[in-house]
Amino acid sequence: MWGLLLAVTAFAPSVGLSLGATSASALGLAPGSTLAPHSSLTQPSTKANETSEQHVRLRVIKKKKVIVKKRKKLRQPGPSVTARPLVTASPGKTLILPEKQEPGCPPLGLESLRVSDSQLEASSSQSFGLGPHRGRLNIQSGLEDGDLYDGAWCAEQQDTEPWLQVDAKNPVRFSGIVTQGRNSVWRYDWVTSYKVQFSNDSQTWWKSRNHSSGMDMVFPANSDPETPVLNLLPEPQVARFIRLLPQTWFQRGAPCLRAEILACPVSDPNDLFLEAHTLESSDSLDFRHHNYKAMRKLMKQVNEQCPNITRIYSIGKSHQGLKLYVMEMSDQPGEHELGEPEVRYVAGMHGNEALGRELLLLLMQFLCREFLRGDPRVTRLLTETRIHLLPSMNPDGYETAYHRGSELVGWAEGRWTHQGIDLNHNFADLNTPLWYAEDDGLVPHTVPNHHLPLPTYYTLPNATVAPETWAVIRWMKRIPFVLSANLHGGELVVSYPFDMTRTPWAARELTPTPDDAVFRWLSTVYAGTNRVMQDTDRRPCHSQDFSLHGNVINGADWHTVPGSMNDFSYLHTNCFEVTVELSCDKFPHEKELPQEWENNKDALLTYLEQVRMGIAGVVRDKDTELGIADAVIAVEGINHDVTTAWGGDYWRLLTPGDYMVAASAEGYHTVKQHCRVTFEEGPVPCNFLLTKTPKQRLRELLAAGAKVPPDLRRKLERLRGQKN
């Protein structure tokens, strides 16, 4: 690191004041704090006789050179404020820039919405969309500034003493604050320094002070809108209310911020207050975040505890060489049983969306434990279904996010792979060739409506396809998956295909699949059994209220996603897949994991059970009674077919109703039958026996060198006569 001394010259319109080299504490800044060098800051007046602006010029003097790690500089819209690394408090007077901080207390819950809108107040607001309820860490703005869903709390320009207040409802021990600027595509607003006050009654307040100088502590805040900045209090404070008082902000902007408060629960010795609510689960599981090494260890422990129903395997490696591990859970792990459907959960496609990863690790622990206990629901699930759990599709991105920590990772860091690829845009676009063929009237007779091949460009050596993507594609081809869910974070909604809009370049457009009824059913099942999604009192995460539509949405009607895994899975394989956005907070604190598990546990189990919905059976050769692989199962009125697995078994997800189903295979006569799907649990059996065509029988006989039977010869002669 660099040992730093600050040489400060302060200017005011009426007074010129020169200071020599001094410490940050002498300026009233928090220990370990700094300001952007050569930056112009706007500071509100606190007294009537003070000027409304101060310009502070800082010179950074290199005192001692040591080894430092290079950091990327963020480009700002102008030269007024330069970017600086994350700065935090230290007990000494030297300014330090640690690589990683470990806040002692968990978040109060602004980002996760555990803190309600009524607990947030402010001195003023520019508009309702910039009110105190929008001052939550990582909150995202709507498309238009000035609407009801803007990207921060912003005080009025004429507010000379702005503040944002949080009511914890009960006394807590405040230990730190995390801040960001305003999320906006049109404006640049962020606070560069602030003070902190505390109160037990919202009337009498005391401030956080610098012990060495006795002055009010001034905490350094942000130098860009998005990077979270953590400040730990020099001494934790027990109080019910906390206020953030912006002191300076980006010169061209306004006092705007998003925040999370770090606080530990306390108990009043006189029992005047109830102990703060703690998040708990009835299940004794490993509720913590697991990096790559810890994840492998946990999966191994589950495998050792339940060796008869589990198997760990790898489907490939990330760009950095980390293996993509899968936990298989079934009564016969390692083999596909005839008539038993295959389902999968995939998490961690975006590395910073960590909740899905932990939920799958919790799910495998839960299934193992409950199977050993003889739970009938879990036992049936594992004996009738083969389950595959991929907790981390993007392990490189997760390691980046994990290193930053749950409150400091921000909205996007770790989202992409080490190569900078968004995996949910990296699968082959099969929608476009299908829709072109449909427009030309080529589907399904010339161009199939299922199992579309990979485009040539996608398989070229120079194609930008991540190794993680190829690993999942090979996995899809190897196992006949029927049902899947892709676990994401940052919202509370279930989205279903198509994810890509049919109209070229349309940002959003309702684009349903031929199986829209099935996808809506699947999405509604998860949303309807998720505790938070069913909370009618909850507020929207960011800028859309999905509860108005049952917390489900067509992916393309939300925002277009070309190359999504959901669309690819539907068009390239038999698998029906939806995306589950699990939480407003992409990377919740580990203290919140027990509650998140309770929110999603029943939904995870119920969704897996939906693989029993519809029809299932085996397509066999009538003569040999052997299963026919790759036979096509077509449902009248639904322009999307599925195929049989190598043993001739198939599963076709359908909602309750009457269907005419046809089974066909090359060299066989097509057979149709009526199949009725009811609301009763379990797939309706619809088996097929196919008879070879005369031409196929002749081919097989000639290939075997046998004589043609008389009856077959007469049939062939009759067919030739009809043709002539």
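So, here's what we can say about the structure. Keep in mind it's a predicted model, so treat the numbers as computed, not measured. (Residues numbered from 1 in each chain as written. Predicted model: local features only at pLDDT ≥ 70, side-chain atom pairs only at ≥ 80, totals over all residues. Heavy atoms only, no water.)

With respect to the side chain of H542
- Relative to the assigned elements, H542 resides in the loop between helix 7 (516–529) and strand 19 (552–554).
- From its side chain, H542 meets the backbone oxygen of G490 in a polar contact 2.9 Å long.
- When neighbours within four sequence positions are excluded, H542 is seen to be in contact with R134, N138, I139, Q140, Y149, W411, G490, E491 and C584. (Helix = DSSP H or I, 4+ residues; strand = E, 2+ residues; numbered from the N terminus. Polar contact = N/O pair within 3.5 Å; in protein donor to acceptor, adjacent residues only side chain to side chain. Contact = heavy atoms within 4.5 Å.)

Section: the pattern of salt bridges
- The tally for this structure, following the rule as stated, stands at 39 salt bridges.
- Here D150 and R182 are joined by a salt bridge, their closest N and O atoms 3.0 Å apart. Of this pair, D150 sits in the loop between strand 5 (120–122) and strand 6 (153–154) while R182 sits in the loop between strand 7 (164–180) and strand 8 (191–199); the two residues are 32 residues apart in sequence, bridging distant segments of the chain. Take D150 and R182: they sit in the same class, and that class is buried.
- E413 is the salt-bridge partner of R404, the closest N and O atoms lying 3.3 Å from each other.
- By relative accessible area, R404 is classed as buried at 14%.
- Judged by relative accessible area, E413 falls into the partly exposed class, the value being 34%. (Salt bridge = Lys/Arg side-chain N within 4 Å of Asp/Glu carboxyl O. Buried < 20%, exposed > 50% of the residue type's maximum accessible area, 1.4 Å probe, protein only.)

Considerations on helix 5 (residues 431–439)
- Listing the buried residues of helix 5 in full gives N431, L434, W435 and A437. The buried residues of helix 5 occupy an angular sector of 160° when projected down its axis, which confines them to one face. For helix 5, the exposed residues lying more than 90 degrees away from the buried face are Y436 and D439.
- Where the residues of helix 5 are buried, they touch helix 9 (565–572).
- Directly beyond the C-terminal end of helix 5, a positive phi value near 70° is found at G441. (Arc of directions from axis to C-beta.)

Observations concerning the sheet that holds strand 22 (residues 632–635)
- Spatially, 4 strands are ordered 23-22-25-26 in an open sheet, and the strand pairing comes out antiparallel. The sheet terminates laterally at strand 23 (642–643) and strand 26 (671–677), the two strands that pair on one side only.
- The pairing of strand 22 with strand 23 spans 2 bridges and is classified as antiparallel. Of the residues in strand 23, the one forming a bridge with I633 is V642. (Pairing = 2+ DSSP bridges.)

Here we look at helix 1 (residues 292–305)
- For helix 1, spanning 14 residues, the distance from its first C-alpha to its last is 20 Å, which sits close to the expected 20 Å at 1.5 Å a residue.
- Taken together, the buried positions of helix 1 are Y292, A294, M295, L298, M299 and V302. Looking straight down helix 1, one finds that the buried residues subtend no more than 165° of arc, so they occupy a single side. More than 90 degrees from the buried face of helix 1, the exposed residues found are K293, K297, K300 and E304. (Expected span 1.5 Å × (residues − 1).)

Digging into the pairing of strand 17 (residues 481–488)
- With respect to burial, strand 17 is a largely interior element, 8 of its 8 residues being buried.
- When strand 15 (residues 342–347) meets strand 17, the two strands line up parallel, connected through 6 bridges. The residue of strand 17 that forms the bridge with R344 is S484.
- Bridge analysis of strand 17 against strand 20 (residues 576–581) gives 6 bridges, and the strand direction is parallel. Paired with S484 across the two strands is E577, which belongs to strand 20.

By themselves, these are just geometric observations and shouldn't be taken as functional.
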